[in-house]
Amino acid sequence: MTHTRLLLIGTLATLLATGPAVAHADEGPSVPPGTEASASAPVELDANDPDLKLPDGATLAEPKVLDIKSVVEDQSGDERREDTNTDVKFALQAEVLFGKDSAKIGAQARARIADIAEEIKVQNATRIRVFGFTDNLGSSAHGDVLSRKRANAVHGILVQELSDANLTYEVRGYGEDYPIADNSTEAGRKKNRRVEISFPRGEN
């Protein structure tokens, strides 16, 4: 018997003795890390605890839908949109609409206000609020006058774009009242210098 044939017979005998390799799977279910069951038992509640019961004669309030607010602000912070169940509000920073200490609207700002007018049409709104705000630099009286002039300027563009005699407008200038950011920083003051356009949603 040659050497090669002896080697093949020896290899075959070894395979028969050990048997084929078998893959073993974990019999327990696999779960993603961090989703394993908690080892602690749930908290037990005492059904007779008086704090879990209504006092004698009390009744539950009528159920109601809570107002949910969605806020979207563009990356630059120049514009913010807030949506609730009842209202839509756009806040445009003054730098987007006007020059420094000015109430004159530029062409680019006019186009942005026209876009908001289209949204007002989509919502079929009949009441529109245009409120102007400033930061707390300068005198309060000057801020009141400037914020009102800016609100009036935005109102004028909306009237031109919407041309609807049935619309009702509320136009006010609040000056430095009602800040939405910290007036101690320039970033905060920039947010506070704004004009807000708001209206009821979905009156259609």
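Everything discussed here concerns the structure shown above.
For clarity, every value in this text was computed on a predicted model and none was experimentally measured.

*Asks:* Got a minute to help me understand the nonpolar core in this structure?
*Replies:* One broad rule of soluble globular proteins: the nonpolar side chains tend to lie buried together. With 26 residues, the main nonpolar core has Ile120, Ile128, Val154, Leu158 and Phe199 as its most contacted residues. Among the elements of the structure, β3 (87-93), α2 (94-97), α3 (107-123), β4 (127-133), α4 (140-162) and β6 (194-200) are those that each provide at least two residues to this core. Looking at this core, the element that brings in the most residues is α4, giving 6 residues.

*Asks:* Hey, could you run me through empty space enclosed by the protein in this one?
*Replies:* In this approach a probe as big as a water molecule rolls over the atoms, and the regions it shows empty are the leftover space. Applying the stated criterion across every chain, the model contains 1 cavity of 30 Å³ or more. In this structure, the largest cavity spans a volume of roughly 50 Å³. Glu73, Gly77, Glu79, Arg80, Ala91, Leu92, Gln93, Ile180, Lys191 and Arg194 together form the lining of the largest cavity. When residues of the lining of the largest cavity are traced back to their parent elements, those giving at least two are β2 (79-83) and β3. Residues that form the lining of the largest cavity fall into these classes: 3 nonpolar, 2 polar and 5 charged.

*Asks:* I would appreciate a short explanation of the side chain of Arg189 in the present structure.
*Replies:* Note on placement: Arg189 falls in helix α5 (residues 186-192). In this structure Arg189 comes out as buried when scored by relative accessible area, which is 14%.

*Asks:* Which parts of the structure should I look at to understand unusual backbone geometry?
*Replies:* Most peptide bonds adopt trans geometry, and most residues besides glycine take a negative phi value. One non-glycine residue, Asp101, lies in positive phi territory at about 55°. Of note, Asp101 is situated in the loop between α2 and α3. Of note, Ser163 is a non-glycine position whose phi angle comes to about 40°, a positive value. The topology assignment puts Ser163 in the loop between α4 and β5 (168-173).

*Asks:* For this particular structure, what's the right way to read the packing of α3 against α4?
*Replies:* Describing two packed helices takes the angle between their axes plus the distance from one axis to the other. Packing of α3 against α4 leaves a shortest axis separation of 9 Å and a crossing angle of 55°. As the angle between them shows, α3 and α4 are arranged oblique. Where α3 crosses over α4, the handedness of that crossing is right-handed. Across the interface between the two elements, Arg110, Ile113, Ala114, Ala117, Ile120 and Lys121 of α3 pack against Val154, Ile157, Leu158, Gln160, Glu161 and Leu162 of α4. When grouped by side-chain class, the residues that make up the contact of α3 with α4 number 8 nonpolar, 1 polar and 3 charged.

Rules used throughout
Residues numbered from 1 in each chain as written. Predicted model: local features only at pLDDT ≥ 70, side-chain atom pairs only at ≥ 80, totals over all residues. Heavy atoms only, no water. Core = buried A, V, L, I, M, F, W, Y, C linked by side-chain atoms within 4.5 Å. Buried < 20%, exposed > 50% of the residue type's maximum accessible area, 1.4 Å probe, protein only. Helix = DSSP H or I, 4+ residues; strand = E, 2+ residues; numbered from the N terminus. 1 Å grid on protein atoms, 1.4 Å probe; cavity = no way out; pocket = protein on both sides within 12 Å on 5 of 7 lines; lining within 4 Å. Points joined across faces, edges and corners; volume = space filled by probe spheres on them. Nonpolar A, V, L, I, M, F, W, Y, C, P; charged D, E, K, R; others polar. Axes fitted to C-alpha atoms, helices over the stretch in contact; angles between N-to-C directions. Parallel < 35°, antiparallel > 145°, perpendicular 65-115°, else oblique. Left-handed = near helix turned anticlockwise from the far one by under 90°. Contact = heavy atoms within 4.5 Å.

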